[in-house]
Amino acid sequence: MNKKIVLTGDRPTGKLHLGHYVGSLKNRVKMQDSNEYEMFVFIADTQALTDNAKNPKKIIDNVLEVAIDSLSVGIDPNKTTYFIQSDVPQLTELNMYYLNLVNLGRLKRNPTIKEEIKQRGFGLSIPVGFLTYPISQAADITAFDANLVPVGEDQIPILEQVCEIVNTFNKTYGETLVMPEYIVPNTKGARRLPGTDGKQKMSKSAGNCIYLSDDPETVRKKVMSMYTDPNHIKVEDPGKTENNPVFIYLDALCKDRKKYEELKQHYEQGGLGDVTVKKYLIEVIEEILTPIREKRKYYEEHKEEVYEILKKGGEKAREKASKTLKRVKENMGINYFE
Ligand code: ATP
Ligand code: MG
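Residues numbered from 1 in each chain as written. Chains lettered and ligands numbered in written order. Predicted model: local features only at pLDDT ≥ 70, side-chain atom pairs only at ≥ 80, totals over all residues. Heavy atoms only, no water.

1. A closer look at the pattern of salt bridges
Tallied over the full model, the rule gives 22 salt bridges. The salt bridge partner of D61 is K57, with a shortest N-O separation of 2.6 Å. You can see D61 and its partner K57 sitting in helix α3 (residues 56–73), four residues apart, about one turn around the helix. Owing to a relative accessible area of 38%, D61 belongs among the partly exposed residues under this scheme. Taking the shortest distance from any N to any O, the salt bridge between R327 and D145 comes out at 2.8 Å. Within this pair, whereas R327 is found in helix α15 (residues 303–332), its partner D145 is found in the loop between α8 (133–143) and β4 (148–150), the two being separated by 182 residues in sequence. (Salt bridge = Lys/Arg side-chain N within 4 Å of Asp/Glu carboxyl O. Helix = DSSP H or I, 4+ residues; strand = E, 2+ residues; numbered from the N terminus. Buried < 20%, exposed > 50% of the residue type's maximum accessible area, 1.4 Å probe, protein only.)

Here you go:
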């Protein structure tokens, strides 16, 4: 039986953070290690350039950072095709054909795009490439015939738009593209981990992150200054755990579910101080980050190995994507010389 194909990626706009870990990375590695799927994972540099065109160095430098983070979390190049988006020109070519299948009104209505435009303060100065990134995402996903796309909640509207593009293409040119499905984590916190500020989602662009590469002292400081329930002033006061980022983090990260439930109940009842809960959260985070940091050290000292992995991954990715592109052009009828 053919294995289901999985595709996911990250924008190299900064180092990877805990939101990525719970929202996507953890699940990616689990799927990879189950050997039940054919995995493609990529670094979305072309997409990251859409809102960073004037600052390419940031993107170029972060390609390496994101690669090191991903390998440190457990992406295994022997099991997963790991590559850089711009290294696969077939994706850009597919994007060009898909651009014509979506109208401006639909793009502007996409709630994620709307939020990201607001977050970046774009208004009418929005780069056209950024507005159309759901379309390039359709190219990325369909190029690999992906059936499954593990993402965080913010990407659901983008994936819905991708499905519409697939549908339109297949209706217009005949069955050509595979219809993808998205998978999101099962807890609310893991689908959209809030930032340490408790307001927006943890996001590289918002500067409210705990990075996978943060050292223990940085993690401690970030957790200790995290927002909690503002009305929980004295230890004996009953506290709110809902919308309390410290508890959302624990829910998303803590493996010991019994302990989590106990802490939650105790906090709601009163008598449990923020400092105690935060200290436990630091322990939970450290348990996750310690092995990642160790592997990171290795790759930081072997950067040439990282580039070699990506280069080989690019070759495999081009092979697969060029088959899809060929099929697309045939079905569109623009294969003039065959
Ligand atoms: P940027 O701010 O540049 O968009 P980002 O922090 O949102 O960066 P992306 O590279 O856009 O990170 O996201 C990669 C993947 O991680 C996506 O599937 C996204 O849904 C998921 N993800 C990102 N942030 C979170 C979060 N806070 N909680 C859960 N999943 C997340
Ligand atoms: Mg994002």
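Once the structure has been displayed, the description carries forward.
2. With respect to the domain arrangement of the protein chain
Assigned domains of the protein chain: these are domain 1 (4–192 + 304–332) and domain 2 (216–297). Distance from the C-alpha centre of domain 1 to the C-alpha centre of domain 2: 32 Å. Contacts between domain 1 and domain 2 engage 16 residues on the former and 11 residues on the latter. Of the roughly 1000 Å² buried between domain 1 and domain 2, counting both surfaces, carbon and sulfur atoms make up 63%. Per-residue buried area on domain 1 facing domain 2 is highest for L18, Y21 and S72; these three make up 44% of the total on that side. One can count two salt bridges joining domain 1 with domain 2. (Domains from an automatic or database assignment. Contact = heavy atoms within 4.5 Å. Buried area = accessible area lost by both parts, 1.4 Å probe.)

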